[in-house]
Amino acid sequence: SVRLCYRPIILPVLLVCTMDVTKANMKEAVEKIECLLPTAAFVSFDEEMTGISIAGQSDSIADTPAKRYSKMRNVASKYNIIQFGLAIFHEKACAADAPTGSSKYEAHVFNFYLFPETGPVNMDGAAVAFNTKHGMDWNKWISEGVPYVNREAAQKLKESLLPKEDKVSADKKEAARAPMVLTKESDIQTTGNAITALRSWLADDSKKDQTE
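Just so you know, these numbers come straight off a predicted model, no measurement behind them.

**Q** For a nonpolar patch on the surface, give the residues involved together with the corresponding values.
**A** A grouping of L157, L161 and L162 is seen on the molecular surface, where their side chains present a nonpolar patch of about 330 Å² in accessible area. In this structure, L157 sits in helix α5 (residues 151–161).

Given below as C-alpha cells:
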C-alpha cells in the first residue's frame, strides 16, 4: 500500500502599500525609499516597456547566455521604458496563533511613470494592447511621467551643472587632507604630554564607566 502524506502550503501574508510616482511627487517618493531601504528584508523590481520583441529576431532554447543577452539588449535599445516598479519588503511579526513556519511581510510598492521628454519614442502594437488591457494610463505617462536621459546626455548635464575643479582647487583640497606635521619643540612637547595623559586615563579601570 502507498501512504500519502500531505504538508500544508504556508503562504506569506502581505500588507501592501502602493504609490504611483510622477514628476509631481518624485521627491517625496525618493525620501520614502531612502528611509525604507536600510531596514528592508529584500527588494524586487520590474519594468514595462513600449515593446519586448523585434521582427525577425526570435528566441530559441538553444541560445547561449551571451546570444540571449545580445537579443535582449537589442530590444532594450530599441524601445522605451513605460514604468519602473520597485517593491521594498519588511518582515513583520506573525500572530501568536499562526502556524509554524509562517511569515508576514509589509511591501511598499513604488510605481514610477517614466517618459523621455526628448528623443524618439518607439512603440509596438502588441505591447500597447497588453498594457492597455492591464490598466495602463497613457495620458499620465505622457503628461506626468518622470523625465530621464541616456548615459551620454546625463554626463553632459552633470558637466554643465558641476564644472570640473581647476588644478589649484584640487591641490588645495589635497593639501587640506594631508596630515599635520608639528615643527616647534613646544608644540611637540605639549601634544606628547596630552597623548600620554589620555592613554593613561583610558587604561585606568576605575574610569571605565566614564568612557562608556
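**Q** Account for helix α1 (residues 26–36), naming residues and giving values.
**A** Regarding α1, the residues found buried are A29, I33 and L36. One side of α1 carries all its buried residues, which in axial view fall inside an arc of 65 degrees. Facing away from the buried surface of α1 by more than 90 degrees, the exposed residues are K27, E34 and C35.

**Q** Give me the environment of E117: which residues, what numbers.
**A** Residue placement: E117 occurs in the loop between β4 (104–113) and α3 (125–133). By relative accessible area, E117 is classed as exposed at 51%. Sequence separation of E117 and S143 is 26 residues, and the distance between their C-alpha atoms is 9.7 Å. If we skip the residues at most four places from it in the chain, E117 touches K23 and P147.

**Q** Give me the lowdown on the packing of aromatic side chains, citing residues and values where you can.
**A** Tallied over the entire structure, the rule returns 6 aromatic pairs. For the pair F84 and F112, a centre-to-centre distance of 6.3 Å together with 55 degrees between the ring planes defines the contact as tilted. Linking F84 in strand β3 (residues 81–92) with F112 in strand β4, this pair joins segments that are 28 residues apart in sequence. Assessed through its relative accessible area of 9%, F112 is described here as buried. Three or more aromatic residues link up through ring pairs in this structure, and these residues are F42, F89 and Y105.

**Q** Report on the layout of surface pockets, specifying residues and quantitative values.
**A** The space that makes up the largest pocket amounts to roughly 500 Å³. If you list the elements that add at least two residues to the lining of the largest pocket, you get α2 (65–78) and α5. Its residues placed into classes, the lining of the largest pocket shows 8 nonpolar, 6 polar and 3 charged. Here the second largest pocket is characterised by a volume of approximately 200 Å³. For the lining of the second largest pocket, the residue count by class is 7 nonpolar, 2 polar and 2 charged.

Cut-offs applied
Residues numbered from 1 in each chain as written. Predicted model: local features only at pLDDT ≥ 70, side-chain atom pairs only at ≥ 80, totals over all residues. Heavy atoms only, no water. Patch = residues over 30% accessible without salt bridge, like charges linked within 9 Å, V, L, I, M, F, W, Y side chains within 5 Å. Areas by Shrake-Rupley, 256 points an atom, 1.4 Å probe, with all protein chains shown as cover. Salt bridge = Lys/Arg side-chain N within 4 Å of Asp/Glu carboxyl O. Helix = DSSP H or I, 4+ residues; strand = E, 2+ residues; numbered from the N terminus. Buried < 20%, exposed > 50% of the residue type's maximum accessible area, 1.4 Å probe, protein only. Arc of directions from axis to C-beta. Contact = heavy atoms within 4.5 Å. Phe/Tyr/Trp six-rings, centres within 6.5 Å; stacked < 30°, edge-to-face > 60°. 1 Å grid on protein atoms, 1.4 Å probe; cavity = no way out; pocket = protein on both sides within 12 Å on 5 of 7 lines; lining within 4 Å. Points joined across faces, edges and corners; volume = space filled by probe spheres on them. Nonpolar A, V, L, I, M, F, W, Y, C, P; charged D, E, K, R; others polar.

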